[in-house]
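Remarks on the overall topology
Spelled out, the chains give:
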Amino acid sequence: MGKYDDIIDLPHHVSDYHKPMPMANRAAQFAPFAALSGHEDAMAKTEKRHRKKYEK
């Protein structure tokens, strides 16, 4: 017997009080975000500096 065999075939619970979240809102919940604001700018500056250094 597997760890979850007793619950695996139970029906999915649907709340009587809360409507399901629209799919567009669900998707937005998991969309990528900029965890480090300014990180791309800093990387671009570093890359530019190193390119100048090694292209001489």
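Residues numbered from 1 in each chain as written. Predicted model: local features only at pLDDT ≥ 70, side-chain atom pairs only at ≥ 80, totals over all residues. Heavy atoms only, no water.

Turning next to the overall build of the chain. In terms of regular secondary structure, the chain is built from 2 helices and 0 strands. Here the chain has a C-alpha radius of gyration of 24 Å; the compact-globule value for 56 residues is 10 Å, and the former is much larger. C-alpha atoms of the chain, sized along the principal axes, occupy 70 × 35 × 15 Å. In the chain, buried positions account for 0% of the 56 residues. For the chain, the computed accessible surface area is about 6300 Å², with 59% contributed by carbon and sulfur atoms. (Helix = DSSP H or I, 4+ residues; strand = E, 2+ residues; numbered from the N terminus. Rg over C-alpha atoms; globule rule 2.2 N^0.38 Å. Buried < 20%, exposed > 50% of the residue type's maximum accessible area, 1.4 Å probe, protein only. Areas by Shrake-Rupley, 256 points an atom, 1.4 Å probe, with all protein chains shown as cover.)

Taken together, the side chains of Y4, I7, I8 and L10 define a hydrophobic patch exposed on the protein surface, amounting to about 440 Å² of accessible area. Among the secondary structure elements, L10 is positioned in the segment before α1 (23-29). (Patch = residues over 30% accessible without salt bridge, like charges linked within 9 Å, V, L, I, M, F, W, Y side chains within 5 Å. Salt bridge = Lys/Arg side-chain N within 4 Å of Asp/Glu carboxyl O.)

A few words now on the environment of V14. Summarising the element assignment, V14 is placed in the segment before α1. For V14 and A44, which are 30 residues apart along the polypeptide, the C-alpha to C-alpha distance reads 48 Å.

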